[in-house]
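Close look at the chain arrangement
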Amino acid sequence: MHNFLFGVYPYIAITVMIVVSIVRFERDPFSWKSSSSQILRKRQFIVGSVLFHVGVLLILAGHLVGLLTPIAIFDALGVSHGAKQILAMSLGGVAGIMAMIGGIVLLHRRLVDPRIRNNSTVADTGILILLMIQLFLGLMTILVSAQHLDGHEMVKFMNWAQAVIYFGADPASYLTDVSWLFKMHIVLGLTIFLLFPFTRLVHMLSAPVRYLWRPGYQIVRTRRGATPPRNGLTPFSQQRVE
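Now for a quick tour of the structure. Source: prediction; values computed, not measured.

**A word on the overall build of the chain**
Counting its secondary structure elements, the chain contains eight helices and zero strands. Reading the chain from its N terminus to its C terminus gives the helix and strand order α-α-α-α-α-α-α-α. Across the 242 residues in the chain, those meeting the buried criterion constitute 35%. Of all intrachain contacts in the chain linking residues separated by at least 6 positions in sequence, the fraction that spans at least 24 positions is 78%. Only carbon and sulfur atoms are counted for the fraction: they give 68% of the accessible area of the chain, which is about 16,200 Å².

Structure follows, in structure tokens:
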């Protein structure tokens with residue numbers, strides 16, 4: 001089971017995420033949206049959404065850089081394993097707390113407000129709950145990491161992630177003796193990857209970056225204050241016949 005979860009399951013999750021996302025975008029592009037409920041309880045939405053999205057984006061960036069950057073680059077830059085781990089714990093902890101607070105706000109409004117609850121699908125609520133559990137597990141791993149600050153445990157996760165992405169031999173062997181809390185965190189993260197194309201999470205791939213260099217703009221003039229057009233024909237003025 002260990003070899004399957006950390007040696008085979010990552011490829012299943014990543015493959016499903018990529019292939020099904022492409023199929024969904026091509027076959028059902030109008031479902032590729034965030035389905036925002038901002039119009040309902042707007043103030044609470046803005047606070048929760050900003051905290052949640054900023055926190056999650058910082059966490060994703062930290063994981064990508066921290067796990068996929070070759071160890072030789074950190075060594076060349078003079079960044080020790082211990083310093084990298086403390087940096088990851090500090091920044092990841094702050095971002096995790098931000099995302100956790102924002103997620104609680106968003107989950108509260110989705111479960112408590114009957115209008116939002118009635119317009120939510122099982123996938124909407126379910127994926128948010130899974131993300132909250134994942135954030136909680138991530139924050140709990142900081143307590144485990146604090147017990148060994150030499151950074152060698154962090155190197156195991158880097159070797160595992162790079163073995164998966166760069167098709168190294170036997171990636172599961174790097175996680176044999178790590179804490180069960182880290183293993184749960186990794187498995188749930190892979191499961192979220194697997195569910196990604198079936199939920200509204202796909203909207204994160206549609207950032208409107210192309211607007212920065214699009215060739216032209218469409219000018220739209222408002223009709224506010226304009227005299228509304230008359231309906232029908234204006235009758236001719238009647239002349240009195242002598």
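More follows now that the structure is in view.
**Side note on unusual backbone geometry**
With a phi angle near 55°, Phe167 is a residue other than glycine that sits in the positive phi range. Along the polypeptide, Phe167 turns up in the loop between helix H7 (152–165) and helix H8 (180–195). Take Phe167: its relative accessible area is 66%, and that puts it in the exposed class. In this structure, Asp170 takes a positive phi of about 50° despite not being glycine.

**Observations regarding the environment of Ser173**
Along the polypeptide, Ser173 turns up in the loop between H7 and H8. Separated by 13 residues in the primary sequence, Ser173 and Trp160 have C-alpha atoms spaced 8.0 Å apart. Here Asp170 takes part through its backbone oxygen, which lies 2.7 Å from a polar atom of the side chain of Ser173.

**Regarding the nonpolar core**
If you look at soluble globular proteins, the nonpolar side chains tend to sit buried side by side. Membership of the largest hydrophobic core comes to 37 residues, with the highest contact counts inside it found for Leu135, Trp160, Leu175 and Ile186. Contributing elements (two or more residues each) for this core: helix H1 (2–27), helix H2 (42–68), helix H4 (81–112), helix H6 (122–145), H7 and H8. Sorting elements by how many residues they give to this core places H6 first, with eight residues. Those residues in contact with Leu175 that lie beyond four places of it in its chain are His2, Phe6, Lys156, Phe157, Trp160, Lys183 and Ile186. Among the nonpolar cores identified, the runner-up in size contains five residues, and Ile71, Phe74, Met154 and Val155 belong to it.

**Looking at the side chain of Thr199**
Structurally, Thr199 can be placed in the segment after H8. Dropping the residues within four chain positions of it, Thr199 is found in contact with Arg24, Ala123 and Ile127.

**A closer look at the packing of aromatic side chains**
For the coordinates displayed, the defined rule picks out three aromatic pairs. Ring geometry for Phe4 and Tyr9: centres 6.2 Å apart, planes at 25°, overall stacked. Seen from their ring centres, Tyr11 and Phe167 are 5.8 Å apart, and the 10° between their planes marks the pair as stacked. With a gap of 156 residues between them, Tyr11 in helix H1 and Phe167 in the loop between H7 and H8 connect regions that are remote in the sequence. You can call Tyr11 partly exposed: its relative accessible area is 26%. Sitting over the face of the ring of Phe74, Lys84 holds its NZ or CZ atom 5.4 Å from the ring centroid.

**Things to note about the packing of H1 against H8**
At their nearest, the axes of H1 and H8 sit 8 Å apart, and the two run at 25° to each other. Taken together, the axes of H1 and H8 lie roughly parallel to each other. Both H1 and H8 take part in a crossing whose hand is left-handed. On H8, the residues that touch His2, Leu5, Phe6, Tyr9, Pro10, Ile12, Ala13, Val16 and Met17 of H1 are Lys183, Ile186, Val187, Leu190, Thr191, Phe193 and Leu194.

**Topic: the pattern of salt bridges**
Under the criterion given, the structure shown has three salt bridges. Where Asp124 meets Arg200, a salt bridge forms, and the shortest distance between an N and an O atom there is 2.9 Å. Highlighted residues: Asp124 in helix H6 and Arg200 in the segment after H8, separated in sequence by 76 residues. With its nearest N and O atoms 3.2 Å apart, the salt bridge here joins Asp177 to Lys156. Of this pair, Asp177 sits in the loop between H7 and H8 while Lys156 sits in helix H7, and the two are 21 residues apart along the sequence.

Conventions and cut-offs
Residues numbered from 1 in each chain as written. Predicted model: local features only at pLDDT ≥ 70, side-chain atom pairs only at ≥ 80, totals over all residues. Heavy atoms only, no water. Helix = DSSP H or I, 4+ residues; strand = E, 2+ residues; numbered from the N terminus. Buried < 20%, exposed > 50% of the residue type's maximum accessible area, 1.4 Å probe, protein only. Contact = heavy atoms within 4.5 Å. Areas by Shrake-Rupley, 256 points an atom, 1.4 Å probe, with all protein chains shown as cover. Polar contact = N/O pair within 3.5 Å; in protein donor to acceptor, adjacent residues only side chain to side chain. Core = buried A, V, L, I, M, F, W, Y, C linked by side-chain atoms within 4.5 Å. Phe/Tyr/Trp six-rings, centres within 6.5 Å; stacked < 30°, edge-to-face > 60°. Lys NZ or Arg CZ within 6 Å of the ring centre and 35° of its normal. Axes fitted to C-alpha atoms, helices over the stretch in contact; angles between N-to-C directions. Parallel < 35°, antiparallel > 145°, perpendicular 65-115°, else oblique. Left-handed = near helix turned anticlockwise from the far one by under 90°. Salt bridge = Lys/Arg side-chain N within 4 Å of Asp/Glu carboxyl O.

Everything listed here is a matter of geometry and, on its own, says nothing about what the molecule does.
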